[in-house]
Structures are given as structure tokens and as C-alpha cells.
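Below are the chains, spelled out letter by letter.
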Amino acid sequence: MTAILQAIGLSRRFGGLLAVADVSLALAVGELHAVIGPNGAGKSTLVNLLAGELLPTAGSIRIDGDDVTGRGNWRVARCGVGRSFQRTNLMPQMTVLENARLAVQARVSARGLLRTLRRDDASVSIARIALSRVGLAESADRIAGTLSHGQLRQLEIGVALAGQPKVLLLDEPLAGMGPEESETFATLLRELSRDHAVLLVEHDMDVVFAVAHRMTVMLDGRVLECGTPEAIRASAAVRDAYLGHSV
Amino acid sequence: MRCASPRGNLALALAALAIAAMPFYASPYHMQLASTAMIAAMFALSLQLLVGGAGMVSLAQAAFFGIGAYAVHLLARVTGGAPSILLSLPASASIAGLAALLIGPFALRTRGFFFLMTTLAFGQMLFFVFHDTSLGGGADGVFIQRPVLGAFGVALELTRANRPTVFLLLNLLVLTVMYAALWWLMRTLFGHALLGIRANEDRMRAMGHDVLRLKLAAFVVAGALAGIAGHMAALNDAFVNPELLGWHRSAEALLIVLLGGIAALHGPILGALAYTLIGEIGQSITERQRLVEGLVILAAVLLLRNGIAGIRLPT
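Asks: In this structure, what is going on with the overall build of chain B? I would like to understand it.
Replies: Within chain B one finds 12 helices and 4 strands. Taking 315 residues into account, the globule formula puts the C-alpha radius of gyration at 20 Å, and chain B, at 19 Å, falls close to it. Over its C-alpha atoms, taken along the principal directions, chain B stretches across nearly 55 × 50 × 40 Å. Relative to all contacts within chain B whose residues are 6 or more apart in sequence, the contacts with residues 24 or more apart total 79%.

Here you go:
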């Protein structure tokens, strides 16, 4: 498998704190790469670095071989990287459909922006497809702010999908969800990993071990271990540092 | 910010007809008053693209209004006579838009309160350019030659008698075209992107929108529209002074937007009509006109969350 997103020696320092230290990883389409680790291990910082939201102190990021380091998040997004946020980050006063449609529109060139929006626009149908993939087809016309917490988490992923990315960075998509919803999400994540390169940051170990193809364990900003779920489960270092009795 | 429904636009069209018919029933004084209100409406409408559209509260808007007005004077100095309105109107819009294009990249590096302060600073800088240098004719202002209403030797002769009627209809035409253009603009993908920025700028950026460029485009269009409003003011008054660029005029436009309704594109039009009316009534009943204005606006803002445009008649 050829890597579509490559991080090489990424580091990020916040004052005296080295939040991410020399992390390298590669994401390929068809693969779900899970990143786990205790709170403060640098997982969210890593996602923010990969999405271009934060500048790395050292290291570089390549998408399809192009160096995109320091280009800014909106340019990285245009290179085909979609992300969801740990804390729901949407337009609550707009409809569910408009939330997703704006993500589609992000790829329209400046000249195309002076077209008036019609009901049958291409952007509308792409947004509807993304919404139906995350199970929100019925709620398309609702105001996003009126959705339940679980539906908002679905919309987070729907918006990321609507941008038609090749790479999906999902930062704790299951935050605050019950066990039944986790089940549905696991199915969705498996489906998404078929035609995307997925990076999943998640605390729910049942889901992570059920869906991941590869795993990276982080501790204090460093990569502790990287390998298949079986290898991670068997690793003594990981057990000591993080998983403990939970596996 | 929503755009008026077809029924809402019909109501606005009827109001426009009532204004267009003023020469049949109203005095010249009242027609002049309506012209003043319509120019205020154009000015506030230009600001509404920023405030209601993209959520950018700017205090530099009067600077672009003033530049549009001064452009008429400067153009007349360059051409050595009264220019045609077909030349002066685009010139005012372009020069004001150009000023916005120069200021925008700096001002747009800031957001929220800091954007407010940065635009205040840039606005005041431009104010002092006209106040303290000889560029525009000095601190006291200058009387200007009105642009000619026509071109290529054919022009409408302005007399003291027909002036209120001609200006009334001209201002109505410009206001109508400006509103229609903004109504269309807010329905384009660009307009939708602005609303997205107002709702959640960070997420728009994360989606891949070039937020800075979108905001700059809005800032320039709004500046050009304010320039058009300034042009109409200069035409109306045949006089320009640096006060046109002062920050309190920007604040007044914000007040009109707030009074009319921040959540509706046509809010500023209703706001400007109401604001002019309140001032007029206040003047007729007391010498403390500003006190009446203040109290009415305070009441309107406290009681009407979405301004006058938010009033729903029981059906």
C-alpha cells in the first residue's frame, strides 16, 4: 500500500513542554490507523499538526508526495484532508444540510462562487450522500443546534466526509456516546476505512481493537509502540504504560 | 442573515412605489428628507454585508463613505469641470473599493473586538488625511460642483424646483439596484460562505475555505457600496467635509443596522427610514432631539431582538 499522508519526525513544543516528539507515521487508503494513549500523550496535538492547524516545531508532512508543512489548515484541507473535532465544532444555527454543503463548497474555485445556490446543485447532492453515509439523511433539513449529542457527533464526521477527502482525521468521534451508539460507529468506521485513509484517535478500546488495522501508542508525546492490534495487545511495554488491566 | 421572501420583497416594492409617488403628494422638504433617509439606507446596507453577512463589525465604513463623497470633488478638480454621473459614480465606487482593498489585508488579520479597534484606527487615519492636509480642501470642507446627470452633451437641467424630485427618484433607483444586487449576492455560494464565516469562522477554515480572501472580498464590496452612498450624499448636498469620514458616522450606521434588524438584509433600509423619522419627530417636539433618538433606540433594541425587520404581524 502506498502512503497518501506521511508525517516525518514531527515535533511540537509549547514553551517548555514537548507535546509531540519525533513522531513519524504513514496513512494509506484502505487502512484505519488508530492512535491511543493516556490523556496528555499528544494525540490531539498530533491531529492538529497533521491537519495543518498547528505548525510543527520540527519535521514535515507530505500529502501524495507534496510537502504541505506550514501551509495552513485550509490549504491542507484542500489537498484532501478532512477532520472531525473532539469538541463538536459546527454551525449550530444552520441546517444539517447546509453544514455539510459548506464543506463541499470549500472545493469550489473562486470564480464559481458567484453562482446562485439552487436546490439541485451538485454540492447539495454530494452533501446529501455524505449525510446518508453517517445516517443523517432524515435530519437534513433540521437546524444543527437541535440535534442530539449523538447526532452531532455523526454530523461532525458527515461534514468531514462532505469535503470528499482522501484522508480522514477523526479526533475522538465517540466522545460522550453510549455502548449501542459505539456499535453503529464501529460499523461506520469500518466502511469509511475502505475508501479513505483514516486516522482515529479514540479512548474506547473495544471499538479501537475491533476496527484498527494498525495502531500507534503514544506516551508523553513519543511513539511508544506501533504495529498491528495483535502486536500492541501482546506488547509488555504498552501494557505497563497504558493499557494495564483494560485488555 | 436572511433575505426577504417574495412577499417581503413585494412589500418593499410597494414602499418604493409610495416613495416614487411622493412628488404627487409630498412637499419638497419631505422629498429631501426621504433622499437623506435613502442615502443613510445605502450606507447602512453596505455595512450590513459585513455585519449581518460575515459577522464583521467595522468602524471604518464612514471612511469609505467619505472617500466616495470626496472622489466627486477630486474628480471635478482633475477633469476641470463637473463630470458626468456615469463617470463619477463608478469612480467613487472604485476609489472607495480600492481604499478597502489596501486597508483590508491589515485590518482582517484581527477579529472581533480587535477588528473593531483596527478599523477605528484606519478610519481615523483617513479622517485626518482629509482633515489635516490640503488634499480635500481642508478641515472646513468645500462646496463642490455637482456631477452632470447625463453624458455626451445631453444632460438633465437641474433647477431649484425640480431638484428634490430628481434626487428623490435617483436615490430611489440607486438604493433599489444596491438592494437587488446584495439580495442576489447573498444567494450565491459567496453569500453562503459569508454566512458560514459569521456562524463559525474556524470550522470554515478547517473545511478548506480561504476565509481571509472571502472576508477581503466582502470588505472591498462593502467599501465600494459605501463609496456609492457617499457619492449620492455629495451629489445631494453639493458639499463635502471631513466629518463625513468620522468614526461617529460609522457608529450611526451600526445603530441603524441594529435598529432595523441585524438578521435581515432589508433591516438597514427599515432602520434608516425609522432613524430619519425619529430624528424629525424628535426635532419637532423638543430641542433635545438626541435624547428622544437615544430613548427610542434604546427601547427598540431592548424590546425588538431582531430590530424592526423582526416584527411579525399577527396573521
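That was the structure; now back to the text.
Asks: Please clarify how the overall build of chain A should be interpreted in this entry.
Replies: A tally of regular secondary structure across chain A gives 9 helices and 10 strands. At 18 Å, chain A has a C-alpha radius of gyration in line with the 18 Å of a compact globule built from 247 residues. Projected onto its principal axes, the C-alpha positions of chain A cover 55 × 40 × 35 Å. Counting over 247 residues, chain A shows a buried share of 45%. Considering only intrachain contacts with a sequence separation of at least 6, the fraction spanning at least 24 residues in chain A is 67%.

Asks: Help me understand the interface of chain B and chain A in this model?
Replies: You'll often see interface size given as the accessible area lost when the parts meet. Each side of the interface is counted separately: chain B has 20 residues, and chain A has 24 residues. Take the side of chain B that touches chain A: its biggest share by element is 13 residues, from helix H8 (residues 189-207) of chain B. Looking at the side of chain B that touches chain A residue by residue, the class counts come to 9 nonpolar, 6 polar and 5 charged.

Asks: I tried to follow the pairing of strand S10 (residues 222-227) of chain A on my own but got confused; where do I start?
Replies: All names here are of chain A. Bridging between strand S9 (residues 214-219) and S10 involves 5 bridges; their strand directions are antiparallel. Paired with Met215 across the strands is Gly227, a residue of S10. Counting the residues in the hairpin turn of S9 and S10 gives 2 residues, including Asp220, whose phi is positive at 50°.

Asks: Hey, could you run me through the domain arrangement of chain A in this one?
Replies: Residue and element names in this part refer to chain A. Assigned domains within chain A: domain 1 (1-80 + 165-247) and domain 2 (92-164). Computed over C-alpha atoms only, the centres of domain 1 and domain 2 are separated by 25 Å. Between domain 1 and domain 2, the contact holds 10 residues from the first and 11 residues from the second. When contributions to the side of domain 1 that touches domain 2 are tallied by element, the ones reaching two or more residues are helix H2 (73-78), strand S7 (167-171) and helix H6 (179-195). Within the side of domain 1 that touches domain 2, the residues separate by chemical class into 7 nonpolar, 1 polar and 2 charged.

Asks: What is the right way to look at the nonpolar core in this model?
Replies: For soluble globular proteins, the rule of thumb is that nonpolar side chains tend to be buried together. If you look at the biggest cluster of nonpolar residues, it comprises 172 residues, and the most contacted ones within it are Leu50 and Ala100 of chain A together with Ala41, Met42, Phe43, Ala44 and Ala229 of chain B. Inspection of this core shows a minimum of three residues originating in each of domain 1 (1-80 + 165-247) and domain 2 (92-164) of chain A. With residues near it in sequence (within four places) discarded, Ala229 of chain B still touches Ile39, Met42, Phe43, Ser46, Phe65 and Gly68 of chain B.

Asks: Quick question: what am I supposed to make of the sheet that holds strand S8 (residues 197-201) of chain A here?
Replies: Either a parallel or an antiparallel arrangement is found when strands of a sheet pair, and the pairing is made through backbone hydrogen bonds. Residue and element names in this part refer to chain A. As summarised here, the arrangement of the 6 strands in space is S6-S7-S8-S3-S9-S10, forming an open sheet in which the pairing is mixed. Looking at strand neighbours, the two that pair on one side only are strand S6 (81-84) and S10, the edges of this open sheet. Each strand axis lies, on average, 15° off the axis of its neighbour in the sheet, ignoring direction. This element, H6, spans strand S3 (32-36), S7 and S8 of the sheet and lies at about 145° to S8.

Asks: Just checking my understanding: could you explain the sheet that holds strand S2 (residues 17-27) of chain A for this structure?
Replies: All names here are of chain A. What the 4 strands build is an open sheet, ordered S2-S1-S4-S5; its pairing is antiparallel. Whereas interior strands pair on both sides, the edge strands pair on one side only; in this sheet they are S2 and strand S5 (66-67). Relative to S2, strand S1 (residues 5-14) is paired through 7 bridges, and the arrangement is antiparallel. Bridged to Ala7 within S2 is Leu25.

Asks: Explain the packing of helix H3 (residues 96-105) of chain A against helix H4 (residues 122-133) of chain A to me, please; I cannot follow it from the model alone.
Replies: The relative placement of two packed helices is expressed as an angle between their axes plus a distance between the axes. All names here are of chain A. Remark: H3 packs on H4, axes separated minimally by 8 Å, with the N-to-C direction vectors making an angle of 115°. Crossing hand, H3 versus H4: right-handed. Taking contact as the criterion, the partners of Val96, Leu97, Ala100, Arg101, Val104 and Gln105 in H3 are, on H4, Ser123, Val124, Ile126, Ala127, Arg128, Ala130 and Leu131. Looking at the contact of H3 with H4 residue by residue, the classes come out as 9 nonpolar, 2 polar and 2 charged.

Asks: When you look at unusual backbone geometry in this model, what are you seeing that I'm missing?
Replies: Backbone phi values are negative for most residues with the exception of glycine, while trans is the configuration of most peptide bonds. All names here are of chain A. The phi dihedral of Glu172 is positive, around 45°, even though this residue is not glycine. Relative to the helices and strands, Glu172 is located in the loop between S7 and H6. On the neighbour-count criterion, Glu172 (21 C-beta atoms within 10 Å) is buried.

Asks: Quick question: what am I supposed to make of the confidence of the model for chain B here?
Replies: Predicted coordinates in areas of low pLDDT are best not read in detail. For chain B, the average pLDDT comes to 93, and 99% of its residues sit at 70 or higher. In the model output, the complex is listed with pTM 0.94 alongside ipTM 0.93.

Parameters at a glance
Here the residue numbering is sequential within each chain, running from 1 through the sequence in written order. Chains carry letters and ligands carry numbers; both start at the beginning, A for chains and 1 for ligands, and go up in the order they are written. In keeping with the model being predicted, local features are shown solely for residues with a pLDDT of at least 70 and side-chain atom pairs are shown and tallied solely at 80 or more, while totals for entire chains, interfaces and linings include all residues. Helical segments are the DSSP runs of H or I of at least four residues, strand segments are the runs of E of at least two, and each set is numbered from the N terminus. We compute the radius of gyration from the C-alpha atoms alone; for a globule the expected value is 2.2 Å times N to the 0.38, where N is the number of residues. Our contact criterion uses C-beta atoms placed from the backbone: two residues qualify when those atoms are within 7 Å. Residues with at least 20 other C-beta atoms within 10 Å of their own are called buried, those with 12 or fewer are called exposed, and the rest are partly exposed. The C-beta atoms themselves are positioned from the backbone. Charged residues are taken to be Asp, Glu, Lys and Arg, nonpolar residues to be Ala, Val, Leu, Ile, Met, Phe, Trp, Tyr, Cys and Pro, and polar residues to be all remaining types, Gly included. A pair of strands is labelled paired if DSSP reports no fewer than 2 bridges between them. Domain delimitation in this document rests on an assignment produced automatically or drawn from a domain database. A set of buried residues qualifies as a nonpolar core if it consists of Ala, Val, Leu, Ile, Met, Phe, Trp, Tyr and Cys joined through C-beta atoms within 7 Å. Convention adopted: a line fitted to C-alpha atoms gives each axis, helices being fitted over their contacting stretch, and angles between N-to-C directions are expressed from 0 to 180 degrees. For any helix crossing, the convention is left-handed if the near helix is rotated counterclockwise from the far helix by under a right angle, and right-handed if that rotation is clockwise. In predicted models, pLDDT denotes the confidence assigned by the predictor to each residue on a 0 to 100 scale.

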